[in-house]
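This is what each chain is made of:
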Amino acid sequence: MIALGAARASAASRPSAADASHTPFATAQREAAAFQGGHVELRLDRRAKSLGQEGFVIRALDGGYRVEAAGEPGLLYGVYALERHRASGTLPKEGEKIEETPFYSLRMLDHWDNLDGTIERGYAGRSLWRWDELPDSVSPRYGEYARRNAMAGINGAVLNNVNASPKILDSSYLSKVAAIADALRPYAVRVYLSVNFASPILLGGLPTADPADREVAKWWKRKCDEIYRLIPDFGGFLVKANSEGQPGPCDFGRTHAEGANMLARALSRHGGKVIWRAFVYSPSDADRAKQAYLEFQPLDGRFDSNVIVQVKNGPIDFQPREPFSPLFGAMPATPQAVEFQITQEYLGHSNHLAFLAPMWEEFFSHVDPSSLTGAAGVSNVGDCANMTSHPLAAANWYAFGRLAWDPRLTSRRIVEEWLPMNIAGYADMPRSVRDGLEEMMLQSREAVVDYMMPLGLHHIFAFGHHYGPEPWCEVEGARADWLPKYYHRADSAGLGFDRSARGSDAVGQYPEPYRSLYGDMSRCPENLLLWFHHVPWNHRMRSGSTLWDELCRAYQRGCDRVERMQRQWAAAKPYVDPELFTDVEGRLMIQARDAQWWKDACLLYFGQFSGMPLPDDVAPPVHTLEEMMRVKLPISNFECPTREMLNSVR
Ligand code: GCV
């Protein structure tokens, strides 16, 4: 199994696709032989159709285990499941069996990797894909990466950024993509590509990319034929169209459905899919939270059957807490997938510990998992030694895969699986220390919500890089809905965005009972209150305190929670690898200081509007507002600030 800080394999040459040692079956055999919990027999029974290609049965027999599956991927997933059960001490007993099939057939990691090696919103180094060395040299890390995907249950990888360079479809790049596909195939991970809708113009030299133009459709067909000649199991295209400056069918007076269907027809004879993103917010007067619904809901039923509309979990953009997007459930005649963000663009990059399974579990508690056909996660993987930079952020990669495999899993169960498999020494820890680590993981996302944006506040980040607070931010020429004031609307009357029927009526896009619940200030869940309402500072919360006091206490609670996380990690010191310990300890220190930064910046800033003092049980600020407003981090949108940088600017 992967242990944190494990040694790397040596360089490998490129396998041939037909090579029998590079199949999921061969991988399953190798993994079974290495299993340390007893003898494992593999049985491939193609007649066991109810298991599909990916399901498996594990039987405990004659002092060992038999993994049965109808497809090679199923055998592989079965062996990894055995390992999971071994690590958490839940292996089946003699005569017992475990049977699983994945809930979703599409379980996909979306890389926002650029062809120049940078990663948009990536905080774990540069891209894993070494485009300049491919296809002749294939890094052994591709296999390591694919294995970790397969262990989590992920079966697809979109290799490149949705802000896509047309070059990815150039023949020279397609041979590189084919080499990566060969390296991922032994782990049953299929390759997908993000495509630029204007590729027929930018790459093909055509005068238009209008989806209704026959030459354009032919160009895409020929391109798909070329791709499938190189990669017979190619998964399909992911498309960001008419969003944040990307080209799309609307540029030619066509709808998203017309654009998606044209691509879908080019892919359909090869069995490929189009995954069409619904992350759109064209400039209009409508509340940004309403725009994706306004544009996509009327297109329900107009997409071909091999198109999946991929919707971000919340209506704005991967905030620490959002309500679910109202598009879910509003397009019953259209296959939909949810898009989560594993990389922590808005949750402290790779400096902060934020175990995201509770966020995704919360999503699935509101959106019926069976209304979706797939799940995608924006990857947090890069080429740094442990691939995720924050060692514990690997738990988010794993958690995404596990929830895509089975969205009914609880966060606790996932953490109970991940910790023993990934923290060497975990088994030797006293129960109290293990409980502490579990709690540290499980509480960490809520801690981030508390010290960044409690009670439904959202998007009050520093401009551009989104690290740290800037609720006062003004940028000349920037779209209003890129700026915090658009979202928090602080004034002397109160705080929050009125999305009730009296305000933007975003609540009107929700089905009952959510419409009434969210729309009524007195019944709205308090953790979403300021998302849906402009609330008077002296509004009485359920606790009996005013909004202002409750807000102050939430920020304080966030800081306290991080301190508690520091203590919980400190208790594990005697049992864990010293290098791992120091790495996480250092990041928790940054997180603790950042929490204080958020608390001071937000309370000092909002306090100007409330005019109310901090309650006695909230510690006074350690910074002034002027100091906080002077902080400017010299980082691009794709970097995580270092401790030295943070120390020098605050
Ligand atoms: C890939 C947000 C991010 C962008 C990202 C975009 C998207 O706006 O800040 O970096 O672009 O979402 O999901 O397309």
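Quick summary incoming for the structure in this document. (Residues numbered from 1 in each chain as written. Predicted model: local features only at pLDDT ≥ 70, side-chain atom pairs only at ≥ 80, totals over all residues. Heavy atoms only, no water.)

Tracing the backbone shows Glu-438 in helix α12 (residues 431–452). Glu-438 gets classed as buried once you look at its relative accessible area, which sits at 6%. Setting aside residues no more than four positions away along its own chain, Glu-438 makes contact with Arg-412, Val-415, Glu-416, Leu-419, Tyr-426 and Arg-431. (Helix = DSSP H or I, 4+ residues; strand = E, 2+ residues; numbered from the N terminus. Buried < 20%, exposed > 50% of the residue type's maximum accessible area, 1.4 Å probe, protein only. Contact = heavy atoms within 4.5 Å.)

Throughout the structure, instances matching the rule amount to 37 aromatic pairs. The ring of Phe-279 carries Lys-312 above its face, with NZ or CZ at 3.3 Å from the centroid. A cation sits over an aromatic face here: Arg-489 above Tyr-486, 5.0 Å from the ring centre. (Phe/Tyr/Trp six-rings, centres within 6.5 Å; stacked < 30°, edge-to-face > 60°. Lys NZ or Arg CZ within 6 Å of the ring centre and 35° of its normal.)

Pairing in this open sheet of four strands is mixed, and the strands run β1-β3-β2-β4 from one edge to the other. Pairing within the sheet leaves two strands with one partner each, and these edge strands are β1 (40–44) and β4 (97–100). When the angles between neighbouring strand axes are averaged without regard to direction, this sheet yields 15 degrees. Alignment of strand β2 (residues 56–61) against β4, held across four bridges, turns out to be antiparallel. The partner of Phe-56 across the bridge, within β4, is Glu-100. (Pairing = 2+ DSSP bridges. Axes fitted to C-alpha atoms, helices over the stretch in contact; angles between N-to-C directions.)

This part takes up the site of the ligand. Residues in close proximity to the ligand total 14 residues, the closest being Glu-120, Lys-240, Arg-277, Lys-312 and Glu-345. At 2.8 Å, a side-chain N or O of Glu-244 approaches an oxygen atom of the ligand. Asp-317 places a side-chain nitrogen or oxygen 3.2 Å from an oxygen atom of the ligand. In isolation the ligand offers 340 Å² of accessible surface; the protein chains occlude 96% of this area. (Near = heavy atom within 4 Å. Polar contact = N/O pair within 3.5 Å; in protein donor to acceptor, adjacent residues only side chain to side chain. Areas by Shrake-Rupley, 256 points an atom, 1.4 Å probe, with all protein chains shown as cover.)

What follows covers the side chain of Asp-481. Within the secondary structure, Asp-481 is located in the loop between α12 and α13 (484–488). The contact partners of Asp-481, leaving out residues within four places of it in the chain, are Tyr-281, Arg-288, Tyr-486 and Tyr-487.

Spatially, β5-β6-β7-β8-β9-β10-β11-β12 is the arrangement adopted by the eight strands of the closed barrel, whose pairing is parallel. Sheet twist, expressed as the average angle between the axes of neighbouring strands with direction ignored, equals 25 degrees. When strand β5 (residues 106–110) meets strand β12 (residues 374–378), the two strands line up parallel, connected through five bridges. Bridge assignment links Asp-110 to a residue of β12, and that residue is Val-378. The strands that helix α4 (residues 171–184) touches are β6 (156–158) and β7 (190–194); relative to β7, the one it contacts most, it runs at about 145 degrees.

Fair warning: the whole summary comes from geometry, so function is off the table for now.
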